[in-house]
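What the coordinates show
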Amino acid sequence: MSLLSERIINMSTSATLAMAAKARELKAEGKDIIGLSLGEPDFNTPDFIKEAAIQAINENYSSYTPVDGYAELKQAVITKFKRDNNLTYTLPQIVVSTGAKQCLYNVAMVMLNSGDEVILPCPYWVSYSDIVKVAEGVPVEVETSIENDFKMTAAQLEAAITPKTKMIWFSSPCNPSGSVYSREELEALAVVLRKHPNIYVVSDEIYEHINFIGGHVSMAEIDGMYDKTITINGVSKAFAMTGWRIGYLGAPEAIARACNKIQGQVTSGANCIAQRAVITALNESPSRVQFMIDEFKVRRDLVLDLLNDVDGFTTNTPEGAFYVFPNISSFFGKTLRGKKINNATDFSLYLLEEALVATVTGEAFGNPNCIRISYAASQDQIIEAIKRIKEAVS
Ligand code: PMP
Ligand code: GLU
């Protein structure tokens with residue numbers, strides 16, 4: 001009998017976290033690594049949120065919270081969904097978890113049976129495929145093209161549906177492509193989905209506010225989709241709170257109740273101080289964090305401008321999030337500084353070793369021709385990183 005379960009043996013390590021760990025390790029060895037691998041804002045959590053956490057400590061918040069989150073926090077989530085997304089949820093439809101990642105995990109565990117298929121438009125966020133697999137679901141990857149801004153069309157969705165399809169998972173704005181689905185594009189997908197009322201959608205909207213074209217549209221807003229959609233969100237990105245570990249979902253009540261049930265057997269609920277801080281974060285207007293979004297847009301333009309000047313990189317124009325996902329397949333089969341580049345993983349490792357820049361291979365996101373570059377870094381770091389990349393590949 002083996003020590004470890006097949007479940008964990010078959011699971012891949014999170015490529016984003018692994019690359020960030022590797023970059024940290026090399027930095028500790030004294031190497032001047034520029035980390036563009038992790039999707040983590042380089043801003044501090046805003047003071048008004050930190051003050052709410054300090055106040056919660058002083059007011060002796062230290063006990064277990066309700067498993068699905070403090071009622072005041074769930075109310076703040078309801079207010080946020082109404083204010084920002086025109087979605088009406090009630091308290092039993094909301095579950096607060098230890099990051100959006102746990103929301104996704106809960107949903108997979110409570111909705112998937114062995115062999116249920118989950119459609120993942122590629123590129124998808126790194127953890128979707130493994131979370132689906134650990135719940136014994138089967139990821140069904142739908143390839144998209146850079147020409148279509150890496151978005152799945154209604155025809156592609158229709159072609160991927162089988163009698164075993166249980167769900168579709170996607171993020172908009174998308175990690176890693178930065179693509180944002182317009183209302184018309186979501187409506188076109190909904191036309192297909194309305195013909196298949198047994199299919200549910202996980203709409204991961206954690207980059208909602210980091211949107212450079214304005215007008216975020218939630219899948220649950222689209223005709224006929226509210227009862228079929230699990231809306232996932234969290235504070236990691238827009239509020240620069242990755243380490244606080246708070247995410248939340250709004251869903252049909254039966255699904256939310258099931259998430260509450262599994263969470264009661266896994267974590268007993270999210271951290272109490274972080275929850276108190278997030279009440280303040282969500283009750284404030286999103287305009288409080290607009291300065292970060294404005295800065296991300298400046299960096300997006302900077303990265304695109306600089307990459308434009310690097311031979312062999314082809315990118316779409318990301319409309320949100322803080323990633324670019326260039327196609328670098330023109331380097332496959334070439335030898336750079338004595339190193340053969342066979343695939344995106346080789347290329348990403350080459351950049352780490354030769355340019356001292358950490359990126360993430362597109363293979364982790366279901367697209368083997370690209371790499372992901374996070375521009376959640378200072379403009380100086382971005383300029384230096386792309387200068388080094390340019391030198392390393394020329
Ligand atoms: N979804 C997407 C698309 C992400 O990029 C991330 C990464 N933070 C998550 C979910 C998980 O976020 P959290 O930090 O709230 O667990
Ligand atoms: N979501 C971020 C990323 O894609 C953080 C890492 C993670 O949660 O895996 O880089």
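Structure shown above.
Definitions and limits used
- Residues numbered from 1 in each chain as written.
- Chains lettered and ligands numbered in written order.
- Predicted model: local features only at pLDDT ≥ 70, side-chain atom pairs only at ≥ 80, totals over all residues.
- Heavy atoms only, no water.
- Axes fitted to C-alpha atoms, helices over the stretch in contact; angles between N-to-C directions.
- Helix = DSSP H or I, 4+ residues; strand = E, 2+ residues; numbered from the N terminus.
- Parallel < 35°, antiparallel > 145°, perpendicular 65-115°, else oblique.
- Left-handed = near helix turned anticlockwise from the far one by under 90°.
- Contact = heavy atoms within 4.5 Å.
- Buried < 20%, exposed > 50% of the residue type's maximum accessible area, 1.4 Å probe, protein only.
- Pairing = 2+ DSSP bridges.
- Right-handed = clockwise from strand over helix to strand, strands pointing away.
- Near = heavy atom within 4 Å.
- Polar contact = N/O pair within 3.5 Å; in protein donor to acceptor, adjacent residues only side chain to side chain.
- Areas by Shrake-Rupley, 256 points an atom, 1.4 Å probe, with all protein chains shown as cover.
- 1 Å grid on protein atoms, 1.4 Å probe; cavity = no way out; pocket = protein on both sides within 12 Å on 5 of 7 lines; lining within 4 Å.
- Sits in = over half its atoms within 2 Å of the grid points.

1. A few points about the packing of helix H3 (residues 47-58) against helix H10 (residues 272-283)
- Across the interface, H3 lies against H10 with an axial gap of 8 Å and an inter-helix angle of 140 degrees. In this view, H3 runs oblique relative to H10, as classed from their interaxial angle. Considering only the axes of H3 and H10, their crossing is right-handed. Residues Phe-48, Ile-49, Ala-52, Ala-53, Ala-56 and Ile-57 of H3 form the contact with H10, whose participating residues are Ile-273, Arg-276, Ala-277, Thr-280 and Ala-281.

2. Here's the deal with the pairing of strand S6 (residues 200-204)
- For S6, the tally of buried residues reaches five of five residues, placing the bulk of the element in the interior.
- Burial along S6 is two-sided: Tyr-200, Val-202 and Asp-204 facing one way and Val-201 and Ser-203 facing the other are all buried.
- Examined bridge by bridge, strand S5 (residues 165-171) and S6 share five bridges and lie parallel to one another. Of the residues in S6, the one forming a bridge with Ser-171 is Asp-204.
- After leaving S5, the chain enters helix H8 (residues 183-193) and then returns to the sheet as S6, a path that is right-handed.

3. Section: the site of ligand 2
- All residues in the neighbourhood of ligand 2 are listed as Ser-14, Thr-16, Leu-17, Leu-38, Gly-39, Lys-101, Trp-125, Asn-175, Lys-237, Tyr-323 and Arg-372.
- Taking Thr-16, its side chain carries an N or O atom lying 2.8 Å from an oxygen atom of ligand 2.
- Between ligand 2 and Lys-237, the relevant distance is 3.2 Å, taken from a nitrogen atom to a side-chain nitrogen or oxygen of the residue.
- For ligand 2, whose accessible area on its own is 280 Å², the fraction buried by protein is 88%.
- The pocket occupied by ligand 2, as judged from atoms lying within 2 Å of grid points, is the largest pocket.

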